[in-house]
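As a plain string of letters, each chain reads:
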Amino acid sequence: MNPSNNSNSLMTVVWILVAFVLLVVGGLIIAEATPLVLPPAASAEAVQVDELFKILMALGGSIWLLVQGAVIYSVIRFRARPGDDSDGASIHGNSTLEFVWTLIPSITVVILSIISFQVWVNITTAQDNAQVVETRGARFLWSFSYDIPGETQRVNSPVLHTWVGQPVVLNLKTADVNHAFWVPSMRIKQDLLAGRSTEARFTPILAGEYPVVCAELCGSGHGDMHSSIVVHEDEASFLDWFDEEAFVILNPPDDPAEGGQLLMTAGGVAGLYACAGCHTLEALGWDAIVAPNLENVADRAATRVPGMEVERYLLRSLFFPGEFLVPGYDNLMPQHQYEDPEEANYMPLDEALNIVAYLCTLTASGESACNVDMLPDMMTNMGMG
Amino acid sequence: MATITATPGLGSRTTEGAAIRAADLLRWSLDHKVIGLQYMASSLFFFIVGGTMAMLIRWELLTPALDLMADGTQYNALMTIHGSVMIFLWIIPMMAGFGNYLVPLMLGAKDMAFPWLNAFAFWLIPPAGVLMIAGWLVGPPEAGWTSYPPLSTLFSPDGQTMWAMSLHLLGVSSILGAINFVVTIRNMRPAGMTIWKMPLFVWAVLATAIIQVLATPFLTGGLTLLILDRTAGTSFFDPGSGGDVLLWQNVFWFYSHPAVYIMILPGFGMVSEVLAVHARKPVFGYRAIGLSSMSIALVGFTVWAHHMFTSLQPALRIPFMITSMIIAVPTGIKIFSWLGTIWGGKIRFTAAMLFALGFITLFVFGGIGGIFLAAVPVDIHLHDTYFVVGHFHFVLFGGSVFLIFAGIYHWFPKMTGRRMNERLGQLHFVTTYIGTFFTFVPQHIAGALGLPRRVAMYDPAFTNINTVISLAAFLLGISSLIFMYNILRSLSHGERVGGNPWRGLTLEWATTSPPPPWNFRGDPVPFDDPYGYGSDESGPYLDAVERRFPAPEEAAGA
């Protein structure tokens, strides 16, 4: 009796050890899948987050294998054989076992909390010499505004440019509803909250272009609200890119229509206007579908309201977008105002004039549909300016 | 509770022994069994409604561009109503239905403590359902089931107000039902049944009811503020006038995280019953399971802000990570205790048992995903992505819905006197399991790779994985049709059974199927140990129950 009992308990210990080794090895194998389920790690923070992710994969993988194994073993080993109507053993519990399976998970979650806290501290510590980027979310467009080293010129753009090794701090503000600024490859995400300013930071380590995604439901164009971050190889190649941009910005065209086009792509005194978030206009690379299509808009503007000139229709649409809704579209456009630079949706009158001049050139024939010289008078007549 | 049983004229229970008919479900009744079935029938209706919406969502997401929907607003409305219907009109009322039907029976009581209140709580649901669907037609709410301001206040049409009113009614219904459960369980246990001898389902309903009473007022309160902001010109959530958008997030999640446990705890109770009965073995660690329900209920109140890791003030994120990690411990205790229950049993592979076992294997995956989401640095990446969608569907579909299925297969014979078709049940299980796995596992991967949730248009790089998800989701749709067919067919064609077809020891089996109007003839005496399977006394007790409540003749001959 005794020897067989001893060999039974010895076998139990051996089986437990074998199972333990299998679970650990299985967990480690599962953890190797980490790079397959995450985008490339393009920031210093991402590397640390991925390490934690990997630990969770290994641990979670082991637990998953343990439970699956126990269920599969049980349904095979403890299935009722045909004709067996008897009950199982009348066992109500085992205090030691229950203590063990309370203690081990408790210790595990404490360790996980500590590791997570360390990673959290590392990825949120402020870096010196960070590039400060004013980031604005407006339905349904991202825009970035930042200084250039050694230049007085500020850049407004729908795409953020930076370079490898340069820490970036984003000050996030929304023009309307809540959004969330997410760069999957950098592993950063931060909500933009109406009425508050929030912050996110990362340090790119890999050159390339990475998607920026809105991760907080913001309305009809939410799925289309994306941008990108271009990480240049180094500061020199970043400045090369800037020189091309700066030339255009520093030498604004005299023609109002060309000036309007530049305003719509590079922004004005109030930053970048969010037109591209909702409108389609192939010439500028816009493809959003929330708002009316702007292709040849000046042709349609001539016929929309009987008796109203193209210029007046377009101008009123900038400042009173709810006045003439195109059938099938809701009143979603920000109502611009030209009086207070501190308030939301500011658009100075001279910029509005240029934008209208540009919109007037969007015709099938390519000829401007307006008499641009008339615009300042028209504004005065409308009680503007 | 002699005062209740002696009251004449309560409800329409004059015809002793008459089975409940479909027409009874449309009438005002004070019988907890009728009310329980009313909850279940209406929930199943909304399951079909919400499921149809899920199919439309997956159809839309087959391609990266808009195809089924005219614009993003239509899609947002669809997913808002899908989520709201599935949570507030399917899972929560379905669990309330099980509670209503089973708790008095398990306690050997003749009804709930407050029958009129019970009926009133149910009848708030149909108008709430009408309001929600009508709001969709008026001008759809498109802010998601979480409805964060200012999108849900300054930027949404009138349907959003009706959505809020609908949820408000459902919240009141939930609170009233929960008060009834607490009072019933506290006061109406039979002689000899201490709280340590209550069936674990009753434990779970008690824990759930405590959460509902304490948490749901925060939902209804928050919705009151939202409705006032929308209709009365207040600005609780409007930062332009001194309000705060984070206030809503805090109040909403202070209810809605505990609501996760409202949706799963009753299921935890059901699986404990199903596993013990069909593995023919006592529940392993009865006290640990009962107490872990209570500790989940308690700790569940301290974790809400883990839904806000990307909006919460950074300094508050770590404390909520720690509480969220802690809640894994009582959940783990339950899973290990269920494994201990089947270990060494004599497992019968009934449809109910298949779903209970399937639940364990799926739920553990959902729980592990939860640990990823609790760890702040990882959650920062995963928050509001398809990883989250996959995670909560794993615990809600692989968890709550699997347990609802298990519960229906298990208690259908008690409710109708007929067994559901086991063959169809097996087919239902296999299709549901495969569908669940291949719908919601790839969602985790898509989210981690960079797919945000709540989008009608997405990066074409995710086309293939979305196609897999949609096809698997369509399989889930088919599996649900098999289930509905099985229910309808078994109502008239199912094999007739006696009082105790599964040889269960809890009190609901110690009466006819379906039970008579006042549940029991005479006062039933509970078996001393509700999970005493395998004990020497249980065999003779079960034989006696079987002799007293035998299967009808036609079934005995078959």
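Keep in mind that what you see is a predicted model, and the values were worked out from it rather than measured. (Residues numbered from 1 in each chain as written. Chains lettered and ligands numbered in written order. Predicted model: local features only at pLDDT ≥ 70, side-chain atom pairs only at ≥ 80, totals over all residues. Heavy atoms only, no water.)

Participant: Sorry, what's going on with the overall build of chain A here?
Facilitator: The number of helices and strands found in chain A is nine helices and 12 strands. Its C-alpha atoms give chain A a radius of gyration of 31 Å, more than 25% over the compact-globule value 21 Å for 385 residues. Dimensions along the principal axes, computed over C-alpha positions, put chain A at roughly 110 × 55 × 35 Å. A total of 385 residues make up chain A; the buried ones form 48% of that total. Summed over its atoms, the accessible surface of chain A is roughly 18,600 Å², and 59% of this surface lies on carbon and sulfur atoms. (Helix = DSSP H or I, 4+ residues; strand = E, 2+ residues; numbered from the N terminus. Rg over C-alpha atoms; globule rule 2.2 N^0.38 Å. Buried < 20%, exposed > 50% of the residue type's maximum accessible area, 1.4 Å probe, protein only. Areas by Shrake-Rupley, 256 points an atom, 1.4 Å probe, with all protein chains shown as cover.)

Participant: What is the right way to read the environment of Ser-9 of chain A from this model?
Facilitator: Relative to the elements of secondary structure, Ser-9 of chain A occurs in helix 1 (residues 2-31). Measuring from C-alpha to C-alpha, the distance between Ser-9 of chain A and Cys-214 of chain A comes to 58 Å, with 205 residues separating the pair along the chain.

Participant: Whenever I open this one, the domain arrangement of chain A confuses me. Can you help?
Facilitator: Reports of interface size often rely on the accessible area that becomes lost once the parts have come together. Residues and elements named next belong to chain A. According to the domain assignment, chain A consists of domain 1 (11-68 + 96-124), domain 2 (131-250) and domain 3 (256-381). Inter-centroid distance (C-alpha atoms) of domain 2 to domain 3 is 25 Å. Listed as interface residues are 14 residues of domain 2 and, on the opposing side, 17 residues of domain 3. Buried area between domain 2 and domain 3, both sides added, is near 1,200 Å², and the carbon and sulfur share of it is 59%. Of all residues in domain 2, Arg-139, Leu-141 and Asn-156 bury the most surface against domain 3, accounting for 38% of the area lost on that side. Viewed at the interface, domain 3 and domain 2 are joined by one residue pair in polar contact (both at pLDDT 80 or more). Of the residues forming the side of domain 2 that touches domain 3, the biggest block, three residues, is contributed by strand 2 (residues 141-147). Tallied by class, residues from the side of domain 2 that touches domain 3 come to six nonpolar, five polar and three charged. (Domains from an automatic or database assignment. Contact = heavy atoms within 4.5 Å. Buried area = accessible area lost by both parts, 1.4 Å probe. Polar contact = N/O pair within 3.5 Å; in protein donor to acceptor, adjacent residues only side chain to side chain. Nonpolar A, V, L, I, M, F, W, Y, C, P; charged D, E, K, R; others polar.)

Participant: Explain the state of the cysteines to me, please; I cannot follow it from the model alone.
Facilitator: Joining two cysteines, a disulfide is a covalent bond between their sulfur atoms. Residue and element names in this part refer to chain A. Per the counting criterion, the structure on display carries one disulfide over all chains. Across the disulfide from Cys-360 sits Cys-370; the S-S distance is 1.7 Å. Since a negative S-S torsion denotes a left-handed disulfide, the Cys-360-Cys-370 link at about -90 degrees is left-handed. Taken together, the positions of Cys-360 in helix 8 (residues 349-360) and Cys-370 in the loop between helix 8 and helix 9 (375-381) put the pair 10 residues apart, joining distant regions of the chain. Under the relative-accessibility criterion, Cys-360 is labelled buried at 0%. Residue classification places Cys-370 among the buried residues on the basis of a relative accessible area of 12%. Counting only cysteine sulfurs, Cys-278 is the nearest neighbor of Cys-275, a cysteine outside any disulfide, at a range of 9.0 Å. What makes Cys-275 buried here is its relative accessible area of 19%. Classification of Cys-278 as buried rests on a relative accessible area of 12%. (Disulfide = S-S within 2.5 Å.)

Participant: Looking at this structure, how should I read the interface of chain B and chain A?
Facilitator: Listed by partner, the interface residues are 87 residues for chain B and 75 residues for chain A. With both chains or domains summed, chain B and chain A bury close to 6,800 Å², and 69% of this area falls on carbon and sulfur atoms. Along the contact surface separating chain B from chain A lie three salt bridges. Its salt-bridge partner being Asp-87 of chain A, residue Arg-280 of chain B comes within 3.0 Å of it at the nearest N-O pair. Where chain B meets chain A, there are 22 residue pairs in polar contact (both at pLDDT 80 or more). (Salt bridge = Lys/Arg side-chain N within 4 Å of Asp/Glu carboxyl O.)

Participant: Mind showing me how you'd approach the pattern of salt bridges here?
Facilitator: Note that side chains of opposite charge can pair when their charged atoms are close. A complete count under the given rule lists 17 salt bridges over all chains for this structure. Because the salt bridges share partners, they merge into one network encompassing Arg-503, Asp-543 and Glu-546 of chain B.

Participant: Explain the sheet that holds strand 1 (residues 131-138) of chain A here, please?
Facilitator: Each strand in a sheet pairs with its neighbour through backbone hydrogen bonds, running either in the same direction (parallel) or in the opposite one (antiparallel). Residues and elements named next belong to chain A. Spatially, five strands are ordered 3-2-1-5-8 in an open sheet, and the strand pairing comes out mixed. Edge strands, defined here as strands with exactly one partner in the open sheet, are strand 3 (154-157) and strand 8 (198-202). The mean inter-strand angle of the sheet, taken between neighbouring strand axes irrespective of direction, is 20 degrees. Judged from the six bridges that link them, strand 1 and strand 2 form a sheet pairing that is antiparallel. Across the sheet, Arg-136 pairs through a bridge with Ser-143, a residue of strand 2. (Pairing = 2+ DSSP bridges. Axes fitted to C-alpha atoms, helices over the stretch in contact; angles between N-to-C directions.)

Participant: Whenever I open this one, the sheet that holds strand 7 (residues 188-192) of chain A confuses me. Can you help?
Facilitator: Residues and elements named next belong to chain A. Strand order in this open sheet of five strands is 4-10-9-6-7, and the pairing throughout is mixed. The strands lining the two open edges of the sheet, one partner per strand, are strand 4 (160-163) and strand 7. Here the strands of the sheet are splayed against their neighbours by 20 degrees on average, with no regard to which way each runs. Summarising the sheet, strand 4 and strand 10 (residues 226-232) pair through four bridges and their orientation is parallel. Across the sheet, residue His-161 finds its bridge partner in strand 10, namely Val-230. Where helix 4 (residues 235-250) meets the sheet, its contacts fall on strand 4 and strand 10, and the angle it forms with strand 4 comes to roughly 150 degrees.

Participant: Even after reading the chapter, I still don't get helix 3 (residues 95-124) of chain A, so can you show me in this structure?
Facilitator: Side chains three or four residues apart in an α-helix point the same way, a direct result of the helix having 3.6 residues per turn. Residue and element names in this part refer to chain A. Over its 30 residues, helix 3 runs 43 Å from end to end, which matches the ideal 44 Å to within 8%, given 1.5 Å per residue. Among all positions in helix 3, only Glu-98, Trp-101, Pro-105, Val-109, Leu-112, Ser-113, Ser-116, Val-119, Trp-120 and Ile-123 are buried. You can read the cap of helix 3 off the contacts: a side-chain oxygen lies 3.1 Å from the backbone nitrogen of Thr-96, and it is on Asn-94. (Expected span 1.5 Å × (residues − 1).)

Participant: Got a minute to help me understand empty space enclosed by the protein in this structure?
Facilitator: To locate leftover empty space, one rolls a probe as large as a water molecule over the atoms. With the rule as written, the count across this model stands at four cavities of 30 Å³ or more. Reported here for the largest cavity is a volume of approximately 270 Å³. Counted by class, the lining of the largest cavity contains 16 nonpolar, eight polar and no charged residues. In this structure, the second largest cavity spans a volume of roughly 50 Å³. Forming the boundary of the second largest cavity are Asn-178, Glu-216 and Leu-217 of chain A together with Ala-143, Thr-146, Tyr-148, Leu-151 and Arg-454 of chain B. Broken down by class, the residue content of the lining of the second largest cavity amounts to four nonpolar, two polar and two charged. (1 Å grid on protein atoms, 1.4 Å probe; cavity = no way out; pocket = protein on both sides within 12 Å on 5 of 7 lines; lining within 4 Å. Points joined across faces, edges and corners; volume = space filled by probe spheres on them.)

Participant: Hey, could you run me through the packing of helix 3 (residues 72-106) of chain B against helix 7 (residues 200-231) of chain B in this one?
Facilitator: To describe two helices that pack against each other, one gives the angle between their axes and the distance between the axes. All names here are of chain B. In the contact formed by helix 3 and helix 7, the axes pass within 11 Å of each other and the chain directions differ by 135 degrees. Accordingly, the angle class assigned to the pair helix 3 and helix 7 is oblique. Considering the relative orientation of helix 3 and helix 7, their crossing is left-handed. For the pair helix 3 and helix 7, the contacting residues are Phe-88, Ile-92, Phe-98, Gly-99, Leu-102, Val-103 and Met-106 in the first and Phe-201, Val-202, Val-205, Gln-212 and Leu-219 in the second. Partitioned by chemical class, the residues of the contact of helix 3 with helix 7 number 10 nonpolar, two polar and no charged. (Parallel < 35°, antiparallel > 145°, perpendicular 65-115°, else oblique. Left-handed = near helix turned anticlockwise from the far one by under 90°.)

Participant: What exactly am I supposed to notice about a negative patch on the surface here?
Facilitator: The grouping of Glu-151, Glu-233, Asp-234, Glu-235, Asp-240, Asp-243, Glu-244 and Glu-245 of chain A at the surface amounts to a negative patch. Residue placement: Asp-243 of chain A occurs in helix 4. (Patch = residues over 30% accessible without salt bridge, like charges linked within 9 Å, V, L, I, M, F, W, Y side chains within 5 Å. Lys, Arg positive; Asp, Glu negative; His and termini not counted. Charge placed at Lys NZ, Arg CZ, Asp CG, Glu CD.)

Participant: Would you explain helix 14 (residues 386-416) of chain B in this entry?
Facilitator: All names here are of chain B. Along its length, helix 14 reaches its greatest deviation from straightness, about 40 degrees, at His-410, and the proline Pro-413 lies no more than four positions downstream. In terms of burial, helix 14 is a largely internal element, 29 of the 31 residues being buried. Gly-417 lies just past helix 14 and shows a positive phi near 80 degrees. (Bend = angle between axes of the 7 residues up to and from the residue.)

Participant: Would you take a moment to explain the packing of helix 15 (residues 422-449) of chain B against helix 16 (residues 463-493) of chain B for this structure?
Facilitator: Residue and element names in this part refer to chain B. Across the interface, helix 15 lies against helix 16 with an axial gap of 8 Å and an inter-helix angle of 155 degrees. For the element pair helix 15 / helix 16, the angle class is roughly antiparallel. At the point where helix 15 passes helix 16, the crossing takes the left-handed sense. Grouping the constituent residues of the contact of helix 15 with helix 16 by class yields 18 nonpolar, 10 polar and no charged.

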